Amino acid sequence: MNVGAEKVKRLSITVTSGTGTGTLTPEWTLARWIRIKPVAESDTYTVTLKDGDGDIMMERTDQEGTLSENLEMSLGILKTVLIESASQDGTYLFKADCH
């Protein structure tokens, strides 16, 4: 396995009225784990990751609590993280674990 950047890229997403969007600065790094931390573990929400053209790269609906998924994703292509239908407003945290 090739080792790339070893870091966690974080993005805070402010959710108001059940919806919030975060925008990433493109960086040619490969994330191997994607995590979403809601305000509370009892929160439910839908998360959609989109590229710069607005095309869906990943979507998970009716997620409850922290989402942690082994999913290789280019942070040079990923542009927005959209939280919708959130059961609680507040700050959600997106984390991309790079290796």
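About the cut-offs
Residues numbered from 1 in each chain as written. Predicted model: local features only at pLDDT ≥ 70, side-chain atom pairs only at ≥ 80, totals over all residues. Heavy atoms only, no water. Helix = DSSP H or I, 4+ residues; strand = E, 2+ residues; numbered from the N terminus. Polar contact = N/O pair within 3.5 Å; in protein donor to acceptor, adjacent residues only side chain to side chain. Contact = heavy atoms within 4.5 Å. Buried < 20%, exposed > 50% of the residue type's maximum accessible area, 1.4 Å probe, protein only. Patch = residues over 30% accessible without salt bridge, like charges linked within 9 Å, V, L, I, M, F, W, Y side chains within 5 Å. Areas by Shrake-Rupley, 256 points an atom, 1.4 Å probe, with all protein chains shown as cover. Salt bridge = Lys/Arg side-chain N within 4 Å of Asp/Glu carboxyl O.

## As for the side chain of Ser-74
As for its position among the elements, Ser-74 is in strand E6 (residues 67–74). Here the side chain of Ser-74 touches Gly-76 through a polar contact of 3.1 Å, landing on its backbone nitrogen. Once you skip the residues sitting within four places of it in the chain, Ser-74 turns out to touch Trp-28, Thr-29 and Leu-30.

## Focus on the environment of Lys-50
Along the chain, Lys-50 turns up in strand E4 (residues 44–51). For the pair Lys-50 and Ser-68, spaced 18 residues apart in sequence, the C-alpha to C-alpha distance is 18 Å. If near-sequence neighbours (up to four positions away) are discounted, Lys-50 is found in contact with Asp-55, Ile-56, Met-57, Ile-77, Leu-78, Lys-79, Thr-80 and Leu-82.

## Concerning unusual backbone geometry
The phi dihedral of Ser-17 falls on the positive side, at around 55 degrees, and the residue is not glycine. Mapped onto the secondary structure, Ser-17 falls in the loop between strand E1 (7–15) and strand E2 (20–23). Since its relative accessible area comes to 68%, Ser-17 is described here as exposed. The phi angle at Ser-85 is positive, at roughly 55 degrees, despite the residue not being glycine. With respect to the helices and strands, Ser-85 occurs in the loop between strand E7 (78–84) and strand E8 (90–98).

## Describing a nonpolar patch on the surface
On the surface, Trp-28, Met-57 and Ile-77 cluster together into a nonpolar patch covering about 360 Å² of accessible area. Secondary-structure assignment places Ile-77 in the loop between E6 and E7. For Ile-77, a relative accessible area of 41% translates into the label partly exposed.

## Some remarks on the pattern of salt bridges
Inspection of the entire model under this criterion finds 5 salt bridges. Residues Glu-72 and Arg-32 are paired through a salt bridge, measuring 2.8 Å at the closest nitrogen-oxygen approach. Taken together, the residues span a long stretch of sequence, with Glu-72 in strand E6 and Arg-32 in strand E3 (residues 30–37) at a distance of 40 residues. Three or more residues are tied together by salt bridges with common partners; here these are Lys-7, Lys-9 and Glu-27.

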